[in-house]
Amino acid sequence: MLFVFDMLPLLSGFIYFVGIWALAVFIYDNFISVISIIKSLLQPYFQPQLPTTLVDKYGKWAVITGATDGIGKEYAKELAKQGLNVVLISRTKAKLVEVCNEIESEYKVKTKWIAADFSKGREVYGHIENELAGIPVGILVNNVGKMYDFPDALENVPEDVLWDIININIGSVTMMTHMIIHNMKKQGKGIIVNISSGSELQPLPYMAVYGATKRFVRTFSLAIEQELAEHNIEVQCVTPLFVVTKMNQYSETVMQGSLMVPSAAAYARSTVFTLGKSKETTGYWSHGLQYFIMKLSPERVRTRIGGQMCKKLRQEYLDTQLKEKAM
Ligand SMILES: NC(=O)c1ccc[n+]([C@@H]2O[C@H](COP(=O)([O-])OP(=O)(O)OC[C@H]3O[C@@H](n4cnc5c(N)ncnc54)[C@H](OP(=O)(O)O)[C@@H]3O)[C@@H](O)[C@H]2O)c1
């Protein structure tokens with residue numbers, strides 16, 4: 001009995017130490033992005049000799065995949081606003097020409113478009129590489145992504161859709177990065193932005209494959225960020241939550257938008273602001289808040305909550321389909 005009492009101070013010291021350690025790790029994980037944004041905002045005052053504009057920092061050209069709609073299109077416009085020439089890559093020629101014209105008429109920059117379908121896998125990259133030859137790409141935005149048509153159980157998702165998701169979400173990020181590294185190393189500068197998703201934060205039932213591919217994007221980004229740091233090439237992983245784009249057309253609730261679900265333009269404006277300032281970000285203040293709150297619960301609980309949310313969205317979609325059929 002005496003022995004147990006002797007051990008009590010040791011035990012409480014141990015619990016105290018674990019508590020402080022866990023809190024420190026949590027604060028570091030959750031606030032590192034905010035701290036690095038504040039640091040780079042203060043940089044011009046303390047290191048005025050360092051480049052401040054995106055063009056000075058990375059060069060004149062940016063490449064954006066999936067750039068004719070949603071986040072990619074608005075991201076391209078934001079970069080053009082900051083004086084960057086942009087290369088847009090998507091499937092549809094007519095949309096590419098239209099967005100290029102829109103950007104050239106609004107901003108004094110050059111544009112180029114490349115029509116490519118990333119769902120085709122390996123065969124598209126030779127064509128893209130040829131088209132990019134001679135262009136000193138300083139910013140690569142791996143934005144293109146695909147979700148199921150609506151949240152659903154794995155067995156119901158057509159095989160073709162699953163292969164498309166794997167080729168687009170994993171293949172394009174990997175191979176576009178692989179293609180561009182060599183040139184960025186030669187230039188001695190550059191930044192690669194990989195658009196992941198809040199769905200990577202925990203396994204996501206009814207969006208299982210989409211969430212898993214976005215988890216890939218995050219671990220891939222954080223790993224190559226360290227590989228490339230010594231070559232002065234930065235890697236930023238962006239994890240948006242819901243944004244009003246056609247990817248979410250299956251849900252009227254999401255498409256209505258809200259404080260938590262911004263428009264693509266508002267989202268892109270905010271996330272481009274973090275470019276070169278943080279290595280990992282949700283890109284938007286209310287997404288950061290949601291991410292922080294979600295992280296307070298254990299992964300298994302988040303998985304359950306995420307699954308319930310997707311089930312609800314699935315039901316909403318099926319109900320809308322029924323209503324439309326009945327009309
Ligand atoms: N919207 C959200 O709520 C949300 C949330 C988290 C993460 N994200 C991520 O953010 C990124 C952008 O999403 P978004 O919602 O802006 O997408 P979106 O509105 O659906 O736009 C997709 C873009 O990609 C192009 N595209 C589609 N399939 C393609 C293919 N096979 N090959 C080449 N281009 C293709 C489309 O143009 P064409 O059809 O002409 O090819 C379009 O320009 C994605 O990686 C997505 O996973 C989005």
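Please read these numbers as outputs of a predicted model, since none were measured by experiment.

**What to know about the overall build of the protein chain**
Line of reasoning, step 1. Helices and strands together make up the secondary structure of the protein chain, namely 11 helices and 7 strands.
Line of reasoning, step 2. A compact globule built from 327 residues would reach a C-alpha radius of gyration of about 20 Å, and the protein chain, at 22 Å, matches this within 12%.
Line of reasoning, step 3. With respect to the three principal axes, the spread of C-alpha positions in the protein chain is 80 × 65 × 35 Å.
Line of reasoning, step 4. Per-residue burial for the protein chain yields a buried fraction of 38% across its 327 residues.

**Considerations on the site of the ligand**
Line of reasoning, step 1. Around the ligand sit 30 residues in total, of which Gly 66, Gly 70, Arg 91, Gly 145 and Thr 245 are the nearest.
Line of reasoning, step 2. It is helix 3 (residues 70–81) that contributes the most residues to the shell around the ligand, 3 residues altogether.

**Thoughts on unusual backbone geometry**
Among all residues except glycine, the phi angle is most often negative; among peptide bonds, the trans geometry is most common.
Line of reasoning, step 1. Even without a glycine there, the phi angle at Tyr 206 is positive, about 75 degrees.
Line of reasoning, step 2. The residue Tyr 206 is located in the loop between strand 5 (190–195) and helix 7 (208–229) in this model.
Line of reasoning, step 3. Positive phi values are uncommon outside glycine, yet Asn 232 reaches one of about 60 degrees.
Line of reasoning, step 4. Along the polypeptide, Asn 232 turns up in the loop between helix 7 and strand 6 (233–238).

**A few points about the packing of helix 6 (residues 159–187) against helix 7**
Line of reasoning, step 1. Where helix 6 contacts helix 7, the axes come no closer than 9 Å and their chain directions differ by 10 degrees. Classified by the angle between their axes, helix 6 and helix 7 sit roughly parallel to one another. Residue-level contacts link Leu 162, Ile 165, Ile 166, Asn 169, Ile 170, Val 173, Thr 174, Thr 177 and Ile 181 of helix 6 to Val 209, Tyr 210, Thr 213, Lys 214, Phe 216, Val 217, Phe 220, Ile 224 and Leu 228 of helix 7.
Line of reasoning, step 2. The residue makeup of the contact of helix 6 with helix 7, split by class, is 13 nonpolar, 4 polar and 1 charged.

**Things to note about the sheet that holds strand 5**
Line of reasoning, step 1. Spatially, 7 strands are ordered 3-2-1-4-5-6-7 in an open sheet, and the strand pairing comes out parallel. What marks the edges here is a single partner per strand, and that holds for strand 3 (111–115) and strand 7 (280–281).
Line of reasoning, step 2. Two strands pair when backbone bridges link them, and strand 5 and strand 6 are joined in this way by 6 bridges, in the parallel orientation. Bridging across to strand 6, Ile 191 finds its partner in Glu 234.
Line of reasoning, step 3. Strand contacts of helix 7: strand 5 and strand 6, with the helix running at about 160 degrees to strand 6, the strand carrying the most contacts.

**Brief notes about helix 5 (residues 124–132)**
Line of reasoning, step 1. Val 124, Ile 128 and Leu 132 are the residues of helix 5 that are buried. Buried positions in helix 5, seen along its axis, are confined to an arc of 60 degrees and lie on one side of it. Exposed side of helix 5, more than 90 degrees from the buried face: Gly 126 and Asn 130 are the residues found there.
Line of reasoning, step 2. Of the surrounding elements, those touching the buried residues of helix 5 are strand 1 (61–65), strand 2 (85–90), strand 3 and strand 4 (137–142).
Line of reasoning, step 3. Looking one or two residues beyond helix 5, the residue adopting positive phi is Gly 134, at roughly 85 degrees.

**Re helix 6**
Because an α-helix completes one turn every 3.6 residues, residues spaced three or four positions apart along the sequence face the same direction.
Line of reasoning, step 1. For helix 6, spanning 29 residues, the distance from its first C-alpha to its last is 41 Å, which sits close to the expected 42 Å at 1.5 Å a residue.
Line of reasoning, step 2. Where helix 6 bends most, the angle comes to about 40 degrees, and this point is Gly 171.
Line of reasoning, step 3. Listed as buried for helix 6 are Ile 165, Asn 167, Ile 168, Asn 169, Gly 171, Ser 172, Val 173, Met 176, Thr 177, Ile 180 and Met 184.
Line of reasoning, step 4. Along its buried surface, helix 6 packs onto strand 1, strand 4, strand 5, helix 7 and strand 6.
Line of reasoning, step 5. Where helix 6 ends, the next residue or the one after it, Gly 188, has phi of about 75 degrees, a positive value.

**Brief notes about the UniProt feature "transmembrane region" (unreviewed entry) in the protein chain**
Line of reasoning, step 1. Sequence positions flagged by UniProt for "transmembrane region" (unreviewed entry) are, in local numbering, residues 7–28.
Line of reasoning, step 2. The distance from the first to the last C-alpha atom of residues 7–28 is 32 Å, and the span holds 100% helix and 0% strand.

**Quick word on the pairing of strand 2**
Line of reasoning, step 1. The element strand 2 is extensively covered by neighbouring structure, given that 6 of its 6 residues are classed as buried.
Line of reasoning, step 2. The alternating pattern of strand 2 places Asn 85, Val 87 and Ile 89 and Val 86, Leu 88 and Ser 90 on opposite faces, both of which are buried.
Line of reasoning, step 3. Between the parallel elements strand 1 and strand 2, the chain passes through helix 3 in a crossover that is right-handed.
Line of reasoning, step 4. As paired elements, strand 2 and strand 3 share 5 bridges and run parallel to each other. Within the sheet, the bridge partner assigned to Leu 88 lies in strand 3 and is Trp 113.
Line of reasoning, step 5. Crossover connection from strand 2 via helix 4 (residues 93–106) to parallel strand 3: handedness right-handed.

**With respect to the packing of helix 3 against helix 9 (residues 264–273)**
Line of reasoning, step 1. One way to put it is that helix 3 packs onto helix 9 with a least axis distance of 8 Å and a crossing angle of 50 degrees. Classified by the interaxial angle, the pair formed by helix 3 and helix 9 is oblique. Crossing handedness for the pair helix 3 and helix 9: right-handed. Along the contact surface, helix 3 presents Gly 70, Ile 71, Glu 74, Tyr 75, Glu 78 and Leu 79, while helix 9 presents Ala 264, Ala 265, Tyr 267, Ala 268, Arg 269 and Val 272.
Line of reasoning, step 2. Across the contact of helix 3 with helix 9, the residue classes tally to 8 nonpolar, 1 polar and 3 charged.

About the thresholds
Residues numbered from 1 in each chain as written. Predicted model: local features only at pLDDT ≥ 70, side-chain atom pairs only at ≥ 80, totals over all residues. Helix = DSSP H or I, 4+ residues; strand = E, 2+ residues; numbered from the N terminus. Rg over C-alpha atoms; globule rule 2.2 N^0.38 Å. Buried ≥ 20, exposed ≤ 12 C-beta atoms within 10 Å, placed from the backbone. Near = placed C-beta within 6 Å. Axes fitted to C-alpha atoms, helices over the stretch in contact; angles between N-to-C directions. Parallel < 35°, antiparallel > 145°, perpendicular 65-115°, else oblique. Contact = placed C-beta atoms within 7 Å. Nonpolar A, V, L, I, M, F, W, Y, C, P; charged D, E, K, R; others polar. Pairing = 2+ DSSP bridges. Arc of directions from axis to C-beta. Expected span 1.5 Å × (residues − 1). Bend = angle between axes of the 7 residues up to and from the residue. UniProt positions renumbered as here; feature names shortened; annotations may be inferred. Right-handed = clockwise from strand over helix to strand, strands pointing away. Left-handed = near helix turned anticlockwise from the far one by under 90°.

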